[in-house]
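Analysis of the macromolecular model
Spelled out from the first residue to the last, the chains are:
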Amino acid sequence: WTSGHGALLAAVDACGGALSSLDLSGCHLCLSALAEALARLGPGLVRLRLGGNVETETGTEPEIRALSAALDGCDRLQLLDIGTLGLRQRLRRPLLHLLQRCAPTLTTLAGFMPPALVAGGLQSMFSTGTCRDGGAR
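What you see is a predicted model, and the numbers here were worked out from it, not measured in a lab. (Residues numbered from 1 in each chain as written. Predicted model: local features only at pLDDT ≥ 70, side-chain atom pairs only at ≥ 80, totals over all residues. Heavy atoms only, no water.)

Quick look at the overall build of the protein chain now. Within the protein chain one finds five helices and four strands. Listed N to C, the secondary structure of the protein chain is α-β-α-β-α-β-α-β-α in terms of helices and strands. Taking all 137 residues of the protein chain together, 41% fall into the buried category. In the protein chain, of all internal contacts separated by at least 6 residues, the share reaching a separation of at least 24 is 78%. Accessible surface computed for the protein chain: about 6700 Å², of which carbon and sulfur atoms make up 56%. (Helix = DSSP H or I, 4+ residues; strand = E, 2+ residues; numbered from the N terminus. Buried < 20%, exposed > 50% of the residue type's maximum accessible area, 1.4 Å probe, protein only. Contact = heavy atoms within 4.5 Å. Areas by Shrake-Rupley, 256 points an atom, 1.4 Å probe, with all protein chains shown as cover.)

Have a look at this one:
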């Protein structure tokens, strides 16, 4: 862990899990630090910005699984900015599951991703009418 990763986890712990907004844009965090921070905050987060922060090319399979598990807890997001993470093949499945889980509450989605990821992740929103009832626009 570098001092930045340790500082992030210390800040997360200091908030006692009550943090509702987290902007990690451009932080270049490793997957393990991101996964651990999100696992500690998960259900309380409503705004999450991740653009440009994860070194995914060197991530191991256990780190990808840990990130996926941590993202599963972020199911109340209203704002999600994934930057270019959706273009990373290894992160598509975790991001797809995240979009499916937070589609009912999501109002803002930003990032670069293949159309199939967006369609697959948000299709329940369109089929259930959530977008007409205050969900993503």
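Another aspect to go through is the environment of Gln 123. Mapped onto the elements, Gln 123 comes out in helix 5 (residues 115-128). Taking C-alpha positions, Gln 123 is 8.6 Å from Ala 103, a pair spaced 20 residues apart along the chain.

We now examine the side chain of Asp 81. Tracing the sequence through the fold places Asp 81 in strand 3 (residues 79-81). For Asp 81, a relative accessible area of 16% puts it in the buried group. With sequence-adjacent residues up to four places away left out, Asp 81 is seen in contact with Leu 48, Arg 49, Leu 50, Gly 51, Ala 110 and Gly 111.

Turning our attention to the state of the cysteines. Considering all chains together, one arrives at zero disulfides under this definition. Cys 74 forms no disulfide, and the closest cysteine sulfur to it belongs to Cys 102, at a distance of 8.4 Å. Its relative accessible area of 0% is what places Cys 74 among the buried residues. (Disulfide = S-S within 2.5 Å.)

Turning our attention to helix 3 (residues 61-72). Compared with the 16 Å implied by 1.5 Å per residue over twelve residues, the 17 Å span of helix 3 between its first and last C-alpha is a close match. Of all the positions in helix 3, only Ile 64, Leu 67, Ser 68, Ala 70 and Leu 71 are classed as buried. One side of helix 3 holds all its buried residues, which, seen down the axis, span an arc of 165 degrees. Facing away from the buried side of helix 3, by more than 90 degrees, are the exposed residues Pro 62 and Arg 65. Turning to helix 3, the residues buried within the fold contact helix 2 (31-41) and helix 4 (92-102). (Expected span 1.5 Å × (residues − 1). Arc of directions from axis to C-beta.)

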